[in-house]
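Below, each chain spelled out in residue letters.
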Amino acid sequence: MEWVYIVTQLVMGWIYGHIVEYAIHRWIFHTIGKKKGHPLSFHVHDHHKTCRRNALFDVAYKKIGTSEEFWGLLFLAVMHVPLAFFLPYFYCAIIFSIMSYYLTHRAAHLNPDWARKNLSHHYDHHMGPGKCMSSNFGVRSDLIDRLLNTRIKYYGTKTEKRDWARRKLRSMQLRHAIKRRRQRKEEKKLTGPENNND
């Protein structure tokens, strides 16, 4: 019967991970973190702003281990270490849940087209109008949003399709402009300062 004990801990740890993900996102980042200057304000004031400006893309996810989110997740894992002594499989499920969350969230913001189709609830949270940012708190799943009636759909509507085309175009133009600026800087470095004075 030990397998029942193990499976129960794994399932409960996985469910717990989704509940904590939802709770932190909704009641910490979108309440306390809304205050500008607060240590947790990076989520609303940096991450959300970047995503809206870049059609869900966030360059901060290109490097693993450099974001506030990464360090927060590491803190969360360490905070739960005492559980490893009493409920080891529950703890393993929490660690797996934390890694799954980070990798899913990272993938969503490095590949917006994939996220728009496969994580539409998270896409809706970032890109939807008005109330969408104050709802759709699940990242890996929208199950808790549906249970707590905080799921508002935006993906697939006529407005969303029009907005997405406009945002993608603007994002591509911005990326192209940044690329050209870098190329010009590189060209100036190669030609040297003596050629620029002529």
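Computed from a prediction, not measured in an experiment: that's the story for all the values here.

### Things to note about unusual backbone geometry
In most cases, non-glycine residues show a negative phi, while peptide bonds are predominantly trans.
Logical step 1: Positive phi is not limited to glycine here, since L56 has a value of about 85°.
Logical step 2: Within the fold, L56 resides in the loop between helix 2 (42-53) and helix 3 (68-79).
Logical step 3: Residue L56 is classed as buried on the basis of its relative accessible area of 0%.
Logical step 4: In the Ramachandran plot, N149 falls in the positive-phi region, its phi being about 60° despite a non-glycine side chain.
Logical step 5: By secondary structure assignment, the location of N149 is in the loop between helix 8 (143-147) and helix 9 (158-191).

### Digging into the packing of helix 1 (residues 2-29) against helix 5 (residues 88-110)
Logical step 1: Helix 5 packs onto helix 1 with a crossing angle of 40° between their chain directions and a minimal axis gap of 7 Å. Viewed along their axes, helix 1 and helix 5 adopt a mutual orientation that is oblique. By crossing handedness, the relation of helix 1 to helix 5 is classed as right-handed. Of helix 5, the residues touching helix 1 (which contributes I6, Q9, L10, M12, G13, W14, Y16, G17, H18 and E21) are P88, Y89, F90, A93, I94, F96, S97, S100 and Y101.
Logical step 2: Each residue belonging to the contact of helix 1 with helix 5 can be placed in one class, and the counts come to 12 nonpolar, six polar and one charged.

### Let's talk about a nonpolar patch on the surface
Logical step 1: The grouping of Y5, L10, W71, L74, V78, V81, F85, F86, L87 and Y89 at the surface amounts to a nonpolar patch, some 1,000 Å² of accessible area in total.
Logical step 2: If you list the elements that add at least two residues to the nonpolar patch, you get helix 1, helix 3 and helix 4 (81-86).
Logical step 3: Here Y89 lies in helix 5.

### Side note on the side chain of S171
Logical step 1: Tracing the sequence through the fold places S171 in helix 9.
Logical step 2: Contact partners of S171, with chain neighbours within four places excluded, come to N54 and A55.

### Details of the pattern of salt bridges
Logical step 1: Per the stated rule, a full pass over the model turns up nine salt bridges.
Logical step 2: Of the charged contacts, one joins R151 and D142 as a salt bridge, the two residues approaching to 3.1 Å between their closest N and O atoms. As far as burial versus exposure is concerned, R151 and D142 are alike and both buried.
Logical step 3: For E186, the salt bridge identified is with K189, shortest N-O distance 3.8 Å. Here E186 and its partner K189 are both found in helix 9, three residues apart, which amounts to about one turn of the helix.
Logical step 4: Taking the relative accessible area as the measure of exposure, E186 reaches 43% and is therefore partly exposed.
Logical step 5: Look at the salt bridges and you will find they share partners, linking D124, D142, R146 and R151 into a network.

Here is what the cut-offs are and how they apply
- Residues numbered from 1 in each chain as written.
- Predicted model: local features only at pLDDT ≥ 70, side-chain atom pairs only at ≥ 80, totals over all residues.
- Heavy atoms only, no water.
- Helix = DSSP H or I, 4+ residues; strand = E, 2+ residues; numbered from the N terminus.
- Buried < 20%, exposed > 50% of the residue type's maximum accessible area, 1.4 Å probe, protein only.
- Axes fitted to C-alpha atoms, helices over the stretch in contact; angles between N-to-C directions.
- Parallel < 35°, antiparallel > 145°, perpendicular 65-115°, else oblique.
- Left-handed = near helix turned anticlockwise from the far one by under 90°.
- Contact = heavy atoms within 4.5 Å.
- Nonpolar A, V, L, I, M, F, W, Y, C, P; charged D, E, K, R; others polar.
- Patch = residues over 30% accessible without salt bridge, like charges linked within 9 Å, V, L, I, M, F, W, Y side chains within 5 Å.
- Areas by Shrake-Rupley, 256 points an atom, 1.4 Å probe, with all protein chains shown as cover.
- Salt bridge = Lys/Arg side-chain N within 4 Å of Asp/Glu carboxyl O.

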